[in-house]
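Residue-level structural notes
For reference, the chains in residue letters:
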Amino acid sequence: MHNLSSNFYLFLDITKSVFKSSINSEDAFKFYPRKPKLSDCQIIALSITAESIGIDSENYLFGKLKKDYKDDFPNLIHRCNFNRRRKLLAPYLKQLNQLLADEMNAGENVFIVDSIPVPVCKIAREKSSKVCRENFETAPDKGYSAVNKAWYFGYKLHLVTSVKGVFHSMDLSKASIHDIHYLNDIKYSGLNNCTLIGDKGYLSKTQQSDLFNTVKIELKTPMRNNQQNKEQFEPIFRRFRKRIETLFAQLCDQFMLKRNYAKSIAGLSVRILTKFTAITCLQFINLNNNKPLNHLKYALAF
C-alpha cells in the first residue's frame, strides 16, 4: 500500500495512457537537446505518488528515495531541478486532472460549490512573513473563517465538485475575498445547464439570476432566518453538501492542505494542483477496481 516504487509505476501508467498522443518516445512533451534523467511523465507521476501517500515535503521525499529506493530510482535528479520542472509541467498536471475528472463526471447535472481557508503562516507572523509576497496582486492577506471562528493569514480555495465528490474546477483568491465573487468565475468554468448547491455565503438574488440567464445554472442555497418568504432548504441538497465537506476533511487530513512549505504563489498553486490531481487519480483507480469512489486511503491497497 505504501510502497513508493510500485505506486509510482501505477501513476506513471495512468499519466502515459492519458498523454499517449502528446508525448514522444522519451515520455516528454517537448524535445530536450540533452535527455533528462527523469522524463516529464516521471516528474508528474512522482509528484502525484508523493501526495497520494502523504509526503508533502520534497526534502523528506528525496531523502526517502535516496535511502530506501536507491535501486528503483538510479537516475534521480536534484531536488531543486525536480521542483523547477514540476512548476513548468503544471499545465499538464492540470490537464491530467481535468481529463480524468471530466470522464468521471460525464452525465452529471448537480454540482456543489464551497470554499476553505488555506493559511500560509500563523496569524502572529502576518506582518513579518514574506511567503508568496513577490507581487502585491497575488499576495496573501487576512481573512475570517466562519467554520473555525478565527482569523487566518493566507488564501481562500474555491472549489466546485460533482455530487460524487469528483473535481470540476477551482480557484485561489485572497483570504478577504467574499465567496459570492467566485460565482462570476463559475460562468467561465465550463459549467452549464445544471444545478449548483452552495451554502449561505453564496446567497444573492442578483448572482442567482445572472447564472441562470447566462449559462442556465440553477443556484440553490439555504435562506437566512430573517429573510421574508423563507423557504425550506430541501433535505436532499443538505445531504449532497456533506460530500464536499467530507472532501475538505480529506484534503486537510490525508493531503495536509493547510501545511505549507511553498515560498511563492506559483509553488503554492502547483502543490494544491498536485493534491487535487492525486485525489482524482485515486478516485479513478477506485472506479476501475469497483471500489467506493471516495475511499481514498484504500485505493492503493490491492
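Anything mentioned here points back to the structure above.
Let me sum up the structure you'll find in this document.

What counts, and at which threshold
Counting restarts for each chain, with residues numbered from 1 along the sequence as it is written. Local features in a predicted model are, by the rule used here, given only for residues with pLDDT of at least 70; side-chain atom pairs are given and counted only at 80 or more, and totals for whole chains, interfaces and linings are based on all residues. To obtain the side-chain values, all non-hydrogen atoms of the structure were used and water was disregarded. Strands are runs of DSSP state E lasting at least two residues, helices are runs of H or I lasting at least four, and both sets are numbered from the N terminus onward. We compute the radius of gyration from the C-alpha atoms alone; for a globule the expected value is 2.2 Å times N to the 0.38, where N is the number of residues. Type-normalised accessible area, obtained with a 1.4 Å probe on protein chains alone, sets the label of each residue: buried when under 20%, exposed when over 50%, and partly exposed for intermediate values. What makes two residues a contact is simply this: any of their non-hydrogen atoms within 4.5 Å. Each accessible area is a Shrake-Rupley result for a 1.4 Å probe, and residues are judged covered by the shown protein chains and nothing else. When charges are counted, Lys and Arg contribute as positive and Asp and Glu as negative, whereas His and the chain ends are disregarded. Here the site of a charge means NZ on Lys, CZ on Arg, CG on Asp, or CD on Glu. Two strands are counted as paired when DSSP detects at least two bridges linking them. Assignment of crossover handedness uses the view with strands pointing away from the viewer, where a clockwise path from the first strand over the helix to the second indicates a right-handed crossover. Should a side-chain nitrogen of Lys or Arg be within 4 Å of a carboxyl oxygen of Asp or Glu, the pair is scored as a salt bridge. Only Phe, Tyr and Trp rings take part, Trp by its six-membered ring, and two of them pair if their centres are within 6.5 Å. Stacked means planes under 30 degrees apart, edge-to-face means over 60, and tilted covers everything else. A helix is expected to span 1.5 Å for every residue after the first. The nonpolar core is taken to be a set of buried Ala, Val, Leu, Ile, Met, Phe, Trp, Tyr and Cys residues, with the residues joined through side-chain atoms within 4.5 Å.

Let us look at the overall build of the protein. Regarding its fold elements, the protein presents nine helices and six strands. Rg of the C-alpha trace for the protein: 20 Å, near the compact-globule value of 19 Å for 302 residues, within the 12% margin. Its C-alpha atoms give the protein principal-axis dimensions of about 70 × 50 × 35 Å. Residues classed as buried in the protein amount to 51% of the 302 residues present. Of the contacts made within the protein by residues no fewer than 6 positions apart, 64% connect residues no fewer than 24 positions apart. Accessible area of the protein: about 15,800 Å², with a carbon and sulfur share of 51%. Considering the protein, the positive charge centre built from 45 side chains and the negative charge centre built from 28 side chains are found 5 Å apart.

Here the focus is the pairing of strand β1 (residues 110-121). Burial runs high along β1: twelve of the twelve residues are buried. Direction of pairing for β1 relative to strand β5 (residues 194-197): parallel, over a ladder of three bridges. Residue pairing for β5: Ile-112 is matched across the bridge by Ile-197. Relative to strand β3 (residues 150-162), β1 runs antiparallel, the two being bridged by ten bridges. Its bridge partner being in β3, Ile-112 is matched across the sheet by Thr-161.

Before going further, it helps to examine the pairing of strand β6 (residues 217-220). Residue alternation in β6 divides its side chains into a buried set, Ile-217 and Leu-219, and an unburied set, Glu-218 and Lys-220. Alignment of β5 against β6, held across four bridges, turns out to be parallel. The residue of β6 that forms the bridge with Thr-195 is Glu-218. With respect to chirality, the unit in which β5 leads through helix α7 (residues 205-215) into the neighbouring parallel β6 is right-handed.

Once that is clear, we can look at the pattern of salt bridges. As a working rule, side chains carrying opposite charge can pair if their charged atoms are close by. For the coordinates displayed, the defined rule picks out 15 salt bridges. Arg-259 is paired through a salt bridge with Asp-56; the nearest N and O atoms lie 2.8 Å apart. In this pair, Arg-259 is assigned in the loop between α8 (235-253) and α9 (265-288) and Asp-56 in the loop between α2 (40-52) and α3 (58-68), connecting sequence segments 203 residues apart. The exposure class assigned to Arg-259 is partly exposed, which follows from its relative accessible area of 41%. Of the residues examined, Asp-56 reaches a relative accessible area of 4% and is grouped as buried. Of the charged contacts in the structure, one is a salt bridge between Asp-68 and Lys-64, with a shortest N-O distance of 3.4 Å. Taken as a pair, Asp-68 and Lys-64 lie in helix α3 at a separation of four residues, close to a single helical turn. Here Lys-64 falls in the partly exposed class, since its relative accessible area comes to 22%. Taken together, the shared-partner salt bridges connect Asp-114, Asp-199, Arg-241 and Glu-245 into one network.

One pass over the full model with this rule turns up eight aromatic pairs. Consider the rings of Phe-29 and Tyr-92, whose centres lie 3.8 Å apart with planes at 10 degrees: the pair is stacked. With Phe-29 in the loop between α1 (4-18) and α2 and Tyr-92 in helix α5 (residues 90-104), this residue pair connects regions lying 63 residues apart in the sequence. Owing to a relative accessible area of 14%, Phe-29 belongs among the buried residues under this scheme. Residue Tyr-92 is classed as partly exposed on the basis of its relative accessible area, which comes to 27%.

Here α2 contains 13 residues, and its C-alpha end-to-end distance of 19 Å stays within 8% of the 18 Å for a straight helix at 1.5 Å per residue. Asp-40, Cys-41, Ile-43, Ile-44, Ala-45, Leu-46, Ser-47, Ile-48, Thr-49, Ala-50, Glu-51 and Ser-52 are the residues of α2 that are buried. For α2, the secondary structure elements touched by its buried residues are α1, α3, α4 (79-88), α5 and α9. Immediately beyond the C-terminal end of α2, within one or two residues, lies Gly-54, with a positive phi of roughly 85 degrees.

What follows is about the nonpolar core. Formed by 69 residues in total, the largest nonpolar core has its most connected members in Leu-4, Phe-11 and Leu-46. Of all the secondary structure elements, the ones that give two or more residues to this core are α1, α2, α3, α5, β1, β3, α8 and α9. Contact partners of Leu-4, with chain neighbours within four places excluded, come to Leu-46, Thr-49, Ile-53, Ile-55, Leu-61, Lys-64, Leu-65, Tyr-69 and Phe-73. Within the second largest apolar cluster, 15 residues are counted, among which are Phe-111, Ile-180, Ile-217 and Leu-219.

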